[in-house]
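Results of the structural survey
Listed here are the chains, written in short residue letters.
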Amino acid sequence: CTFIGNSAGEGSKKKAKAYSLIGIGINLVQTAFILLFLILERENVSYFYTNEESVRTVFLNLMYIFYFGLFFDVGANTLSFILRSLGQEQFALNSSLFSFYVVGLGCQVILAFGLDLSYYGIWIGLLLGFFSMVFFSVYKLYKLDWDGEIKKIKAQMNKKQAVEMEPLAPEV
């Protein structure tokens, strides 16, 4: 994300978009490797947490939800980093709060307690929070005025450089 911010500061929309796509691609590949490891080693991973068979059974069942949600989890974080790199910190904060506290937590309460899905409801609610964050972030990036944001960031960088280059007043 540093490369995205630096490219925006240089005024290069093309580089900022390219680094955004590269970052998304790298995170997808890393997530795929992690997912593959977790699928292949799921039994061993469960023993890392507990030896109690009843707990392991719940854990192994919850892993299916986790497998599906892992891409949304990583996607939500990656897209949020990209948005913040492009000066959209407030949007990233607001959409995170809404996604996780309204959508995610609300669904967790309804699913876990209202529909009596217990642990599964909590995990499905968390997954829905991740999904909503990804949805909002993709929508924002799609609608984002990249040229306008790049211009704002470049202006901020130029202003900051001008302040840093001002000579210090002589001491009296």
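As shown above, the structure is provided for reference.
Notes on the structure follow.

Conventions used here
- Residues numbered from 1 in each chain as written.
- Predicted model: local features only at pLDDT ≥ 70, side-chain atom pairs only at ≥ 80, totals over all residues.
- Heavy atoms only, no water.
- Helix = DSSP H or I, 4+ residues; strand = E, 2+ residues; numbered from the N terminus.
- Contact = heavy atoms within 4.5 Å.
- Core = buried A, V, L, I, M, F, W, Y, C linked by side-chain atoms within 4.5 Å.
- Buried < 20%, exposed > 50% of the residue type's maximum accessible area, 1.4 Å probe, protein only.
- Phe/Tyr/Trp six-rings, centres within 6.5 Å; stacked < 30°, edge-to-face > 60°.
- Lys NZ or Arg CZ within 6 Å of the ring centre and 35° of its normal.
- Expected span 1.5 Å × (residues − 1).
- Bend = angle between axes of the 7 residues up to and from the residue.

Structural notes on the side chain of Arg42
Position of Arg42 relative to the elements: it lies in helix H3 (residues 42-49). Apart from the residues within four sequence positions on either side, Arg42 is in contact with Leu60, Asn61, Tyr64 and Tyr67.

A look at the nonpolar core
Ranked by size, the top nonpolar core spans 20 residues in total, and within it Ile82, Leu86, Leu141 and Trp146 carry the most contacts. For this core, the secondary structure elements donating two or more residues are helix H1 (2-10), helix H4 (53-85), helix H6 (118-143) and helix H7 (146-165). Top contributing element to this core by residue count: H4, with 7 residues. Leave out the neighbours within four places in its chain, and Leu141 touches Leu79, Ile82, Leu83, Leu86 and Trp146. The next biggest cluster of nonpolar side chains, apart from the first, holds 8 residues, and it includes Leu38, Leu60, Met63 and Leu70.

Here's the deal with the packing of aromatic side chains
Under the counting rule described, the total for this entry stands at 10 aromatic pairs. Ring geometry for Phe66 versus Trp123: centroids 6.0 Å apart, planes at 80°, classification edge-to-face. In this pair, Phe66 is assigned in helix H4 and Trp123 in helix H6, connecting sequence segments 57 residues apart. Overall, Phe66 belongs to the partly exposed group, its relative accessible area being 23%. By relative accessible area, which is 32% here, Trp123 ends up partly exposed. Ring geometry for Phe135 against Phe136: centres 5.8 Å apart, planes inclined by 65°, an arrangement best described as edge-to-face. In this structure Phe136 comes out as partly exposed when scored by relative accessible area, which is 26%. An aromatic cluster is defined as three or more aromatic residues linked by ring pairs; in this entry it consists of Phe48, Tyr49 and Phe59. Across from the ring centre of Tyr47, 3.9 Å away, lies the NZ or CZ of Arg56, which sits over that ring.

Here we look at H4
Its 33 residues place the ends of H4 45 Å apart at the C-alpha level, agreeing with the 48 Å of an ideal helix rising 1.5 Å per residue. Roughly 40° is the biggest bend found in H4, and it falls at Gly69. Taken from the residues just after H4, Gly87 is the one with a positive phi, measuring 80°.

Quick word on unusual backbone geometry
For Asp116, which is not glycine, the phi dihedral falls at a positive 55°. Considering the arrangement of structural elements, one finds Asp116 in the loop between helix H5 (89-114) and H6. Asp116 sits in the exposed class, given a relative accessible area of 64%. Although it is not a glycine, Ser118 sits at a positive phi angle of roughly 55°. The topology assignment puts Ser118 in helix H6. Its relative accessible area of 34% is what places Ser118 among the partly exposed residues.

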